[in-house]
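Take a look at the letters that make up each chain.
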Amino acid sequence: MQISQLFDQLNSKKFTKLLTQTVALGLGAIVLFSSANANAAEQVVLKYGTFQGQISVQELTQFTETGKTTPTLRAYLQAAQQDPALARKALKAPIKADAAFLNSLLSSWAGPVLVSQIGEVVHPPGGQLNQEALRSALSASIQQKGEVTLLGAIQNYPNTSVELEGDRLIGVYERLSNLAELL
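Residues numbered from 1 in each chain as written. Predicted model: local features only at pLDDT ≥ 70, side-chain atom pairs only at ≥ 80, totals over all residues. Heavy atoms only, no water.

Colleague: In this structure, what is going on with the environment of Arg175? I would like to understand it.
Modeller: Among the structural elements, Arg175 can be located in helix α10 (residues 166–182). Residues within four places of Arg175 in sequence aside, it is in contact with Gln117 and Glu120. (Helix = DSSP H or I, 4+ residues; strand = E, 2+ residues; numbered from the N terminus. Contact = heavy atoms within 4.5 Å.)

Written out as structure tokens, the structure reads:
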């Protein structure tokens, strides 16, 4: 008798509604957590003077972390006459410090200067720097890795596409390196 009562309860509308809501909630959570970086850049437009090419952030990350280039990235670097080792070094060179200190630095008078420096190299397509978007990308990079890098700014930029000014990369890298030594 108890088994038949259990089946009757399972067939009730309340249970069906509860089951539907639970499944919907579970699917929503899966979508939310699998796309946690959905607002981050996915494509990078590499610019070297008049030369322009597009690669994925994933390709650029792989290159920066391992030194391995895809055929497309290798062709772009050759066409731009860019030294891959130097470009890689510039993309991953960190400004390391305590995360709270770096975030307070971003909020201080020096924040706009730092953002402008990085904004010379990393910005949305069209070249118009969005200070708030870049500040948010830098803050996310600090939260994740406890440092500021050009790659971190690219990975966390809140736009689907970002431009990387390759011909300015080394100059900005040198200025950021000097700043990092002061911290």
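Read on, since the account is not over.
Colleague: Mind showing me how you'd approach the confidence of the model for the protein here?
Modeller: Atom-level detail of predicted coordinates should not be read off regions where pLDDT is low. When pLDDT is averaged along the protein, the result is 76; 77% of the residues meet or exceed 70. Across the protein, the element-wise mean pLDDT spans from 36 in helix α2 (residues 13–34) up to 93 in helix α3 (residues 57–66). The low-confidence segment residues 15–38, where pLDDT is below 50, has six contacts with residues more than four positions distant or belonging to other chains. (pLDDT = per-residue confidence, 0-100.)

Colleague: Where do I start with the environment of Leu169 in this structure?
Modeller: Summarising the element assignment, Leu169 is placed in helix α10. In this structure, the C-alpha to C-alpha distance between Leu169 and Tyr48, residues 121 residues apart in sequence, is 9.6 Å. What Leu169 contacts, discounting residues up to four positions off in sequence, is Ala87, Ala90, Leu91, Val121, Leu150 and Leu164.

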